[in-house]
Amino acid sequence: SAFAHLERGIVQKPWYPIARGPQMFSVTRSGYHYILNGDGSEELYHLSSDPGEQYNPVAEPALDSLLTVVRGATQRIIAEDAARRSVR
């Protein structure tokens, strides 16, 4: 399948999520979509003003408090995922 090729890195374009590391986590809060890529890079998009997710304002100081919230939520998701995997 196409996904098997992506996982093996055969078809890997820079904009494919798999191209940025082994796991990607994503949360939405307060009208924003936050993405933590597998390589540790972050993306943040305002869903109503940027539905195509073209402008990434993750470095804007005005968004620091929102980033604190979504980073915390993402870390909880990662911990839950790790716990779920260890039970198997």
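In short, a report on the structure. (Residues numbered from 1 in each chain as written. Predicted model: local features only at pLDDT ≥ 70, side-chain atom pairs only at ≥ 80, totals over all residues. Heavy atoms only, no water.)

**Quick look at the overall build of the protein chain**
Check the secondary structure of the protein chain and you find 2 helices and 3 strands. Scanning the protein chain from its N terminus toward the C terminus, one meets helices and strands in the order α-β-β-β-α. The 88 residues of the protein chain split such that 26% are buried. Long-range pairs, those at least 24 residues apart, make up 26% of the contacts in the protein chain between residues at least 6 apart in sequence. Accessible surface for the protein chain amounts to roughly 6000 Å². Of this, 56% is attributable to carbon and sulfur atoms. (Helix = DSSP H or I, 4+ residues; strand = E, 2+ residues; numbered from the N terminus. Buried < 20%, exposed > 50% of the residue type's maximum accessible area, 1.4 Å probe, protein only. Contact = heavy atoms within 4.5 Å. Areas by Shrake-Rupley, 256 points an atom, 1.4 Å probe, with all protein chains shown as cover.)

**Let's talk about the sheet that holds strand β1 (residues 25–29)**
Reading across the sheet, the 3 strands line up as β1-β2-β3 and stay open at both edges, with antiparallel pairing between neighbours. Pairing within the sheet leaves two strands with one partner each, and these edge strands are β1 and β3 (42–46). Each adjacent strand pair in this sheet contributes to an overall mean axis angle of 15 degrees, direction not counted. Sheet strands touched by helix α2 (residues 64–87): β1, β2 (32–36) and β3. Its angle to β1, the strand with the most contacts, is close to 135 degrees. (Pairing = 2+ DSSP bridges. Axes fitted to C-alpha atoms, helices over the stretch in contact; angles between N-to-C directions.)

**Brief notes about the pairing of β1**
Bridge count between β1 and β2: 5 bridges; the pairing is antiparallel. When the bridges of β2 are listed, Arg-29 appears paired with Tyr-32. Hairpin geometry of β1 and β2 is characterised by an intervening segment of 2 residues between the two adjacent antiparallel strands and by a positive phi of about 50 degrees at Ser-30.

**Overview of the nonpolar core**
The biggest cluster of nonpolar side chains holds 11 residues, and these are Val-27, Tyr-32, Tyr-34, Leu-36, Leu-44, Val-58, Leu-63, Leu-66, Leu-67, Val-70 and Ala-73. Of all elements in the fold, only β2 and α2 reach the threshold of two or more residues within this core. Sort the elements by how many residues they give to this core and α2 lands first, with 4 residues. Residues within four places of Leu-63 in sequence aside, it is in contact with Tyr-32, Leu-44 and Pro-57. (Core = buried A, V, L, I, M, F, W, Y, C linked by side-chain atoms within 4.5 Å.)

**Let's talk about unusual backbone geometry**
The phi angle at Ser-30 is positive, at roughly 50 degrees, despite the residue not being glycine. Structurally, Ser-30 is set in the loop between β1 and β2. At Glu-53, a residue that is not glycine, the phi angle is positive and equals roughly 50 degrees. Overall, the relative accessible area of 26% leaves Glu-53 in the partly exposed class.

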